[in-house]
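Structure assessment
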Amino acid sequence: MVGSITPDFTLKDQNGEEFNLYKNLNSPIVLVFYPKDNSRICSSQLCEYNNELSSFNSLGIKVVAINTDSVESHKKFWNKYKFNFPILSDEEGKVCKMFEALTIFGNAKRKIVIIGIDRKIIHSDEKFSAFYLKVGKLLQVLLKMKSLDN
């Protein structure tokens, strides 16, 4: 997976607006696959990433969350926590499957995939659903990647 070109995809965000991957790759993107809206661990993970969004932005990195919940579920979740990044609905699980982030039960795994502006996957990290990549560790990965670019 790492080093391969990611296929393009389009999904609806929490507002029902289309989000196209390739049209948003003017900077690297961190795709945050997570199992369930409003679950304790998923809420903690996305809130932590949202609270540190300025750190991602300072590195020129976009954060985009994805799971198999509906647009309506995402809208409520997004409004509840006031996220400042899009949450994409992949109800059919096609994008989750494409990134090997779909469980046998049809919901998203907990996984981080970083895509560079060249459309290549530059990092992938999968966690058991009870854990997630803490923002500090994720930022270390991003800083290391940035230093390799220079």
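Going by the structure above, here's the rest.
What counts as what
Residues numbered from 1 in each chain as written. Predicted model: local features only at pLDDT ≥ 70, side-chain atom pairs only at ≥ 80, totals over all residues. Heavy atoms only, no water. Helix = DSSP H or I, 4+ residues; strand = E, 2+ residues; numbered from the N terminus. Buried < 20%, exposed > 50% of the residue type's maximum accessible area, 1.4 Å probe, protein only. Contact = heavy atoms within 4.5 Å. Areas by Shrake-Rupley, 256 points an atom, 1.4 Å probe, with all protein chains shown as cover. Pairing = 2+ DSSP bridges. Arc of directions from axis to C-beta. Phe/Tyr/Trp six-rings, centres within 6.5 Å; stacked < 30°, edge-to-face > 60°. Lys NZ or Arg CZ within 6 Å of the ring centre and 35° of its normal.

Another aspect to go through is the overall build of the chain. Secondary structure summary: the chain contains five helices and seven strands in total. Mapped in sequence order, the helices and strands of the chain form the string β-β-β-α-α-β-α-β-α-β-β-α. Burial statistics for the chain: of 150 residues in total, 48% are counted as buried. Taking the contacts inside the chain whose residues are at least 6 apart along the sequence as the reference set, 65% of them involve residues at least 24 apart. Surface exposure of the chain reaches about 7,700 Å², of which carbon and sulfur atoms provide 52%.

With that settled, the discussion passes to the pairing of strand E6 (residues 110–115). Regular strands show a simple pattern: their side chains alternate between the two faces of the sheet. Among the six residues that make up E6, six are buried, leaving the element largely enclosed by the rest of the structure. Both faces of E6 are covered, namely the face carrying Arg110, Ile112 and Ile114 and the face carrying Lys111, Val113 and Ile115. Of the pairings in the sheet, the one linking strand E3 (residues 29–33) to E6 comprises five bridges and is antiparallel in character. In the strand pairing of E6, Val30 is matched with Ile114.

Looking now at the pairing of E3. Where burial is concerned, most of E3 is hidden: five out of the five residues are buried. On E3, burial covers both faces: Ile29, Leu31 and Phe33 on one face and Val30 and Val32 on the other are all buried. Note: E3 against strand E4 (residues 62–67), five bridges, orientation parallel. Opposite Val30, over in E4, you have Val63 as the bridge partner.

Before going further, it helps to examine helix H3 (residues 71–81). Of all the positions in H3, only Val71, His74 and Phe77 are classed as buried. The buried residues of H3 all sit within an arc of 125° when viewed along its axis, so they share a single face. Among the exposed residues of H3, those pointing more than 90 degrees away from its buried face are Glu72, Lys76 and Lys80. On the buried face of H3, the contacting elements are strand E1 (10–12), helix H1 (40–51), E4 and strand E5 (87–89).

Evaluation of the coordinates by the stated rule reveals eight aromatic pairs. Centroid distance Phe9 to Phe99: 6.1 Å. Interplanar angle 85°. Geometry classified as edge-to-face. Of the two residues, Phe9 is situated in the segment before E1 and Phe99 in the loop between helix H4 (94–98) and E6; the sequence distance between them amounts to 90 residues. Judged by relative accessible area, which is 1%, Phe99 ranks as buried. Through pairs of rings, three or more aromatic residues link up here, namely Tyr34, Phe77, Tyr81, Phe83 and Phe85. A cation over a ring is seen here: Arg119 above Tyr22, with NZ or CZ 3.7 Å from the ring centre.

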